Amino acid sequence: MNIHEYQAREIFRSHGLPVPDSVLAESAEQAREAAARFGGTVVIKAQVHAGGRGKAGGVKLASDPAEAGKAAEAILGMEIKGLVVENVLVAAAVEIATEAYVGIVMDRTSQRPVMMVSPEGGVDIEEVAATKPEAIFKEAIDPRYGLMPHEATGLAYRLFSDPALAKQAARALAGLWSAYEGADATLAEVNPLVSTPEGEVLAIDAKMNIDDSSLFRQPEIEAMRDEGAEAPSEQRAREAGLSYIKLDGDVGCCVNGAGLAMATMDLVKYYGGSPANFLDIGGSSNPEKVVAALEIITEDPSVRSILFNIFGGITRCDDVANGIVEATGRLDLDVPITIRLTGTNQKEGVKILEGAGFEADTDMDRAVRRAVEVAS
Amino acid sequence: MNIHEYQAREIFRSHGLPVPDSVLAESAEQAREAAARFGGTVVIKAQVHAGGRGKAGGVKLASDPAEAGKAAEAILGMEIKGLVVENVLVAAAVEIATEAYVGIVMDRTSQRPVMMVSPEGGVDIEEVAATKPEAIFKEAIDPRYGLMPHEATGLAYRLFSDPALAKQAARALAGLWSAYEGADATLAEVNPLVSTPEGEVLAIDAKMNIDDSSLFRQPEIEAMRDEGAEAPSEQRAREAGLSYIKLDGDVGCCVNGAGLAMATMDLVKYYGGSPANFLDIGGSSNPEKVVAALEIITEDPSVRSILFNIFGGITRCDDVANGIVEATGRLDLDVPITIRLTGTNQKEGVKILEGAGFEADTDMDRAVRRAVEVAS
Amino acid sequence: MAIFIGEQTRLVVQGITGRDGSFHTRQMIEYGTRVVAGVTPGKGGLTFDGAVPVHNTVAEAVVEQGANASVIYVPARFAGDAILEAADAGIELIVCITEGIPVAEMMRVMLFVQECGARLIGPNCPGLIVPGVCKVGILPAQIVLPGRIGIVSRSGTLTYEIIFQLTSAGIGQSTSIGIGGDPIIGTDFVDCLRAFEADDETDAVVIIGEIGGTDEQTAASLVKEEMNKPVVGFIAGQTAPPGRRMGHAGAIISGSEGTAAEKVRAFQENGIAVAERPVDIVDALRAVL
Amino acid sequence: MAIFIGEQTRLVVQGITGRDGSFHTRQMIEYGTRVVAGVTPGKGGLTFDGAVPVHNTVAEAVVEQGANASVIYVPARFAGDAILEAADAGIELIVCITEGIPVAEMMRVMLFVQECGARLIGPNCPGLIVPGVCKVGILPAQIVLPGRIGIVSRSGTLTYEIIFQLTSAGIGQSTSIGIGGDPIIGTDFVDCLRAFEADDETDAVVIIGEIGGTDEQTAASLVKEEMNKPVVGFIAGQTAPPGRRMGHAGAIISGSEGTAAEKVRAFQENGIAVAERPVDIVDALRAVL
């Protein structure tokens, strides 16, 4: 789950990172007030779940409250990568001597969180990785021991040779690890971590992604979820325990298992069709999930053909069949459904479907081809 | 450092152990009020740093407030193993179905904390270990992973076969580990952990020892120190950074290093003398420590001979010599001093002492023999 | 022989009394797997289906029933500890079906599993099956056929699909194994490929990958460097839009790494023929056998 | 040869610019120890006494100066991490002089040291000295004499006392080592006894124990079972009252374990002659040589 910059700032601050004061504003008026309170130049930043806010015009400097109000007015309601800006962050602008990058990301290969730092901050770190890899320093963190103080110190001296700055940076890195670990993050990033001409180290941006599987033990972070930042259908799917991603095509796909769902979409495309969505009903056998899935798919007006591709394992074909029968009974469906059903309790499932007047194929290739034909 | 039962109860409770409500009373009146508040039978327990309170008469049951007042009156002011009772704990008495022992202790051999449980609780666990070792179950805890839930569950089923009780016990064990780890304890113990006829598991006693070396990072626990429970001389020594234990003899010993201090005491005894104390001025070179040490030793009226045995290493002989000269200048000493001084900066040290009119020997055996002779 | 499981497997089922655990235990027993014990804390002393003794702990199941392998069907918030418990009890092979274990927990669990010298398969995986001999997990038995092809996959149901295609074409399998799609898994492609290379009963291997991470690329290098047996592959996720998650926690396209196109290229450059459709695996295999 | 240190030792001093660190660095250099680097974060780039390069990290000292051993003089609250840092940097021998590291921290530190395959001596120990060759720690050099007796002790200054007695009697030492008196230490009696048994330059060993724990008993068994060289011993704490701590965190008499009388008996029963006074060690040694 993504959280907003202002939320990540709060978490970082509570773990001892040097995050300057800021205010969240929902209106130009609030932004004006905040700017008046801070005095001097402020920065106004769009709070959306999208990178590249600066390039999109979502970050502006304002030298007085009136200008801050205007800047907020311009940013609020702006659309960045399809997401509407509903809040802006207002913070006192900081004079910058140097900009560094510091971040922690879950690394599949080492199976550990890896802390990455670079004195080349303030720009896209992937660009630094591509053009100047020698300027990125990494330390894999053993989660049994956590970030050891000397690891933080070692990395801090990669950023600053001045001991006073390096000490502050080491403390910031310790705080970043504490925040990452405490929040069950998969990414925690400050870009840039700046030093000021007065010799202060400050975290003036904040980014965090949280492991979805950990949210059950992170109620405070779960409460940070911004439902406005999700499409309603995706929100609905999440609540029903489904993985759903809306796409641009017209063949609605309902599949059990992410890999099979992707292979199904690939096959839809192979046969000249275009998938309307990715939808994985997951591994458990709950007819209610099938009902929710069918509802979500049919709410998409582009969908002209619905394809079920179910290969029973822990998911049982009879449960899915019951869900299909129940959902089609409840909904007023005018989109044709193609069903492929095989695996655990296949016989029972086919029987249930046939009893309700559905045909069920057992061959994926054939079913996909038919669903594509039906759509065109 | 030892903490009192009532303090350990608070720590245990904050870590989720099922500790029944209790009140600390300094007077019979307060105990009466507490008993009235609880209603029914209460238990009154002396709060002193000593085991065997029950046998010494420091634990009493009272069936009504009046009786509770009387019991508290009897216990307050009582002396248990040389310690005066200044507080009593008042708690509602619990009906007991079974009594178990649960504890965690730092184990030198495995270099890990070891959790021990026994269904034979309510009695001295060392007695159980001696007479019925098969009734004690142990689990070494890997501090990198902490007490794993299945370890707690496994031990809980050693205590209770009833799943409802075992589940409560497993939670209590998890809480005990959390308290042990969180407080930097070297011992955390509940004896007994009881089950009631109603099927509740309760921790009705609490004991904790805290690692002295960790107190710098445990300010809340350091604040629990009961200075009344220490002899004033030992308190003074602690504040000066010395290890001091008062004994019954007449040869005051001031030594650097615990092993050499013990060997010195042993040698005093070998030559027919009797050490007045154990005193280790530690490994650092601070003349102030020597001053404090000499003051503490001379405040003991039994001391008839003072013996310094200093073997310089990280401790420097000149620092110790300066301390001796300074302290003897400040104090009005009428007890003879025998000094043995050798090792790092020996020459400088001897010079300083001789300049102040002291003799300094380099041979331990000879110095100890002389200090014993002087005392008799 | 096959890989990892076989007639020597003495299985304990963790979570045997749950909905999924009981269902799949019956399926495994029916298939011939030697399920020697079950574990559900608080149900120790019961007998599952009048045949399988239930214990409170895995340690008991090891001592009293000689269990040497375990399969886990407990809910996500208990599954990490279930793996630790199995490893702690000396279980050699642990198969974790459960999905949704926190990543941070799995990182610690994996370190412990490695310290114990155990092999973990999964989590969030369908397990493995040696047709006609033994199945551990949830792979549907009716679709497999004894034979000499090894199958290894990050996916669950997509694996079934591939097995189904092979079986429909009369091509049997030595072992089929789903390693799981999570970011942290116990046994990876490389482990399985090496095991298949060493297995006398396997002639060729099918590897089924998907978008996210670089495990397929690593596997492809291994195939080129270490394997003599032919390997054919399939990659799911050609149509996945970059930057969006596709269900598996691992299915993230991050920067320049992890797209389906890259993985297909890595396979092809290292001598792994890539099937366009699941059904094409059959022809790809026939071409190399 | 001697044990653990020698001419091959390339030492880095952690905390070289502190009061104790700088004092003892000078003493070690004067004695001939090859101090190749110092570490104090923030002082990287300086040169200590115009001779020893100072680095910000141990890793730098390893890479740039080829350090293979470390000695730690940093304050207690930083000393645990200093050990971790040395082990992490690949240092093979770590000698920690610092006293007062929290026990809970040391338990984790020890596990990490073991994972790194390093040897830790201490903490809260005086270090070790090979007379005439090399000293690492704080043992006073003027009291040692080259020779063929190994000394191992849990104590600090009591060790000096024993060395002093031997030297005064003209009996030289191969290596003297203080292992520290804390509850958690890196190298114990058993490790040292085995090393002395294997050391060509050692003819006999003096073991100096004290009350608390059961390390002396374990050592005594080892002497009987594994050692051919004669061993003599001394135990401090005959007059210690039961249940009171005597300075060392380890010096606790707990239950039936750990009294001086028990340890003396364990020594005697396993063929270790026990000296009553420190000075009697000389005669005890002469009797077995």
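Source: prediction; values computed, not measured.

S.K.: Explain the interface of chain D and chain A to me, using residue names and the numbers behind them.
M.R.: Taken together, the contact pairs 12 residues of chain D with 11 residues of chain A. Between chain D and chain A lies a buried interface of about 990 Å² when both sides are counted; carbon and sulfur atoms form 56% of it. At the junction of chain D and chain A, the tally comes to one salt bridge. The residue Glu-115 of chain D makes a salt bridge to Arg-144 of chain A at a minimum N-O spacing of 2.7 Å. Seen at the junction of chain D and chain A, the total is seven residue pairs in polar contact (both at pLDDT 80 or more).

S.K.: Could you give me a rundown of the nonpolar core, with the residues and numbers involved?
M.R.: In this structure, Val-152 and Val-206 of chain C are the most contacted members of the largest nonpolar core, which totals 98 residues. No other element matches the eight residues that helix α9 (residues 258-270) of chain A contributes to this core. Apart from the residues lying within four places of it in its own chain, the contact partners of Val-206 of chain C are Ile-149, Gly-150, Ile-151, Val-152, Ile-162, Leu-166, Val-232, Ile-281 and Leu-285 of chain C. By size, the runner-up hydrophobic cluster in this structure holds 97 residues, among which are Leu-93, Leu-128, Ile-129 and Phe-196 of chain D.

S.K.: How would you summarise the packing of helix α5 (residues 149-159) of chain A against helix α6 (residues 163-182) of chain A if you had to cite specific residues and measurements?
M.R.: Residue and element names in this part refer to chain A. One can describe the packing of α5 onto α6 by two numbers: an axis separation of 8 Å at closest approach and a directional angle of 130°. By the angle class used here, α5 and α6 are oblique. Viewed along their axes, α5 and α6 form a crossing whose handedness is right-handed. Taking contact as the criterion, the partners of Ala-152, Thr-153, Leu-155, Ala-156 and Tyr-157 in α5 are, on α6, Pro-163, Ala-166, Ala-169, Ala-170 and Leu-173.

S.K.: Lay out the sheet that holds strand β1 (residues 11-14) of chain D in plain terms, naming residues and giving numbers.
M.R.: All names here are of chain D. The sheet built from seven strands is open, its strands ordered β3-β4-β2-β1-β5-β6-β7 with mixed pairing. Lying at the two open borders of the sheet, with one neighbouring strand each, are β3 (47-48) and β7 (119-121). With four bridges connecting them, strand β5 (residues 69-72) and strand β6 (residues 93-96) associate as parallel partners. What sits directly across from Val-71, in β6, is Val-95. Seen against the sheet, helix α3 (residues 76-88) touches β1, β5, β6 and β7 and runs at an angle of roughly 170° to β6.

S.K.: Go over α9 of chain A with me, naming the residues and quoting the values.
M.R.: Helical periodicity: at 3.6 residues per turn, an α-helix aligns residues three or four positions apart in one direction. All names here are of chain A. Between its first and last C-alpha atoms α9 spans 18 Å; for 13 residues at 1.5 Å apiece the expected length is 18 Å, and the two agree. Along α9, 11 of the 13 residues are buried, which leaves the element largely enclosed by surrounding structure. Every buried residue of α9 is listed here: Ala-258, Gly-259, Leu-260, Ala-261, Met-262, Ala-263, Thr-264, Met-265, Asp-266, Leu-267 and Val-268. Backbone geometry just downstream of α9 places Gly-272 in the positive-phi region, at approximately 85°.

Thresholds applied
Residues numbered from 1 in each chain as written. Chains lettered and ligands numbered in written order. Predicted model: local features only at pLDDT ≥ 70, side-chain atom pairs only at ≥ 80, totals over all residues. Heavy atoms only, no water. Contact = heavy atoms within 4.5 Å. Buried area = accessible area lost by both parts, 1.4 Å probe. Salt bridge = Lys/Arg side-chain N within 4 Å of Asp/Glu carboxyl O. Polar contact = N/O pair within 3.5 Å; in protein donor to acceptor, adjacent residues only side chain to side chain. Core = buried A, V, L, I, M, F, W, Y, C linked by side-chain atoms within 4.5 Å. Buried < 20%, exposed > 50% of the residue type's maximum accessible area, 1.4 Å probe, protein only. Helix = DSSP H or I, 4+ residues; strand = E, 2+ residues; numbered from the N terminus. Axes fitted to C-alpha atoms, helices over the stretch in contact; angles between N-to-C directions. Parallel < 35°, antiparallel > 145°, perpendicular 65-115°, else oblique. Left-handed = near helix turned anticlockwise from the far one by under 90°. Pairing = 2+ DSSP bridges. Expected span 1.5 Å × (residues − 1).

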